[in-house]
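Each chain, written out:
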Amino acid sequence: EKKVLEAFVWAIFFVPASLSPYILVLGNAGYASIIESKFFYIGNIGVSILIGIIVYSILLKFEGRKVLQITVYLLFGLYLFSHVHAIKMNLNNLEEVSSIRKMLLMQVQSSYPDLPDKVVFFTKSDTAYYGMPSEEKILPLQIGFGRMLMVWYQRNERFPGCLYKGQFLLSPLAQEYRFCNGRGFGNFRNYDKLIASIQEFGIKPEEVIAYSWEGQKEKFIDITKEIRGKIKQDVER
C-alpha cells in the first residue's frame, strides 16, 4: 500500500508538470500548437503510472477469481493494442508531414543550388497552419522556413555563425534580414517588409528568391521571376 501511495503521489506530480511549457508560450494562442510533443512526455509518465495503479488495484481486488482477472488482462491488452495503433497512425502522419517539408527544401535547392551573397527568400501561402489566425498564412512548417533553409544549405554555403545567433528566423512568423561577415540572409512573407529591407540593405532584385504555396493542391510554385519584376518597378518609383 505504501508503494502504491508513493506511485500515486509521483503521478499527481508528473501530470501537472506537463503543463509547464504553456507558461512559456507568449503571443497568440496559436503558438501553443507549435510546442513539440516531447515536452509533454512527463505528463505521459504520470498517466501511465495512474493506469498501472488502477490495473494493479483491480487485480488485487479480484484475487482468486480467475475469470475476472482474465477479463481485466483482456481489457488491458485491448487498451495496449489501441495505444500501439494510435502511435502507428501518428507516425504515419509525421512521415507524411516530413515528406512535404523535405519536398519544399529539395525543390528550392534543385532550382537554386548556389545562393547569392545577400540572398532573401519571399514566400506566400494561401493557408494558415498549426492554430495560427486565418490572416497569418504560412508554409506547413512548425519553425521558420528561413532557418530551415539556412541549415539545409549550410554544407555548401558555409554561412557564418553570426547568422545563427539568437532566435533569428526560428519562429514560423519570423520576418527579418541579417548581414554579417560578408553574408546576408533573410526571409519574408510580407511584401512591404521585403521592400523595406531591400532598400535598407541595398539588396538587388536578382538576390530575391520567391515561392508560393497552395495548401489544397500541395503545390510549391516558383514565382521568383514575377516577384523580381515587381520589385524592380516598386523600387524605381
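Here the residue numbers are simple positions, counted from 1 along each chain's written sequence. Only residues with pLDDT of at least 70 are given local features in this predicted model, and only at 80 or more are side-chain atom pairs given and counted; all residues enter the totals for whole chains, interfaces and linings. Think of the side-chain values as coming from all heavy atoms in the structure, minus any hydrogens and water.

### Comments concerning the pattern of salt bridges
(1) Moving on: By convention in these notes, a salt bridge is any Lys or Arg side-chain nitrogen within 4 Å of a carboxyl oxygen on Asp or Glu. Counting across every chain of the model gives five salt bridges.
(2) Moving on: Its salt-bridge partner being K232, residue E206 comes within 3.5 Å of it at the nearest N-O pair. Taken together, the positions of E206 in the loop between α6 (191-201) and β4 (208-214) and K232 in helix α7 (residues 224-236) put the pair 26 residues apart, joining distant regions of the chain.
(3) Moving on: Look at E206 and you get partly exposed, because its relative accessible area is 41%.
(4) Moving on: Throughout this description, buried means an accessible area under 20% of the type-specific maximum (1.4 Å probe, protein chains only), exposed means over 50%, and partly exposed covers the range between. Note on K232: relative accessible area 38%, which makes it partly exposed.
(5) Moving on: Salt-bridge contacts for K230 lead to D234; the nearest nitrogen and oxygen are separated by 3.4 Å. Here the residue K230 and the residue D234 both occupy positions in helix α7, the gap between them amounting to four residues, near one helical turn.
(6) Moving on: Given the relative accessible area of 38%, K230 is considered partly exposed. In DSSP terms, a helix is any run of H or I states spanning at least four residues, a strand is any run of E spanning at least two, and both are numbered starting from the N terminus.

### Overview of the state of the cysteines
(1) Moving on: Criterion for a disulfide: a pair of cysteine sulfur atoms at a distance within 2.5 Å. One pass over the structure, following the stated rule, counts one disulfide.
(2) Moving on: Shown here is the disulfide that connects C162 with C180, its sulfur atoms set 2.0 Å apart. Because the torsion about its S-S bond is 95 degrees, the bridge between C162 and C180 counts as right-handed. Pair noted here: C162 is in the loop between α5 (145-157) and β2 (176-180) and C180 is in strand β2, with a separation of 18 residues, a long-range link.
(3) Moving on: By relative accessible area, C180 is classed as buried at 14%.

### Thoughts on a nonpolar patch on the surface
(1) Moving on: Here the term patch refers to residues with relative accessible area over 30% and no salt bridge, with like charges joined within 9 Å and nonpolar side chains (Val, Leu, Ile, Met, Phe, Trp, Tyr) within 5 Å. All accessible-area figures derive from a Shrake-Rupley calculation using a 1.4 Å probe, and residue coverage is judged against the displayed protein chains alone. On the surface, L5, F8, V9 and I12 cluster together into a nonpolar patch covering about 370 Å² of accessible area.
(2) Moving on: Its place among the elements puts V9 in helix α1 (residues 2-17).

### Quick notes on the sheet that holds strand β1 (residues 118-125)
(1) Moving on: A pair of strands is considered paired only if DSSP assigns at least 2 bridges between the two. Strand order in this open sheet of five strands is β2-β3-β1-β4-β5, and the pairing throughout is mixed. Looking at which strands have only one partner, the edges of the open sheet turn out to be β2 and β5 (219-222). Pairwise comparison of adjacent strand axes, ignoring direction, gives a mean angle of 15 degrees for this sheet.
(2) Moving on: With five bridges connecting them, β1 and strand β3 (residues 183-188) associate as parallel partners. Considered in β3, the bridge of V119 is made with F185. All axes here are fitted lines through C-alpha atoms, helices being fitted over the stretch that makes contact, and every angle between N-to-C directions spans 0 to 180 degrees.

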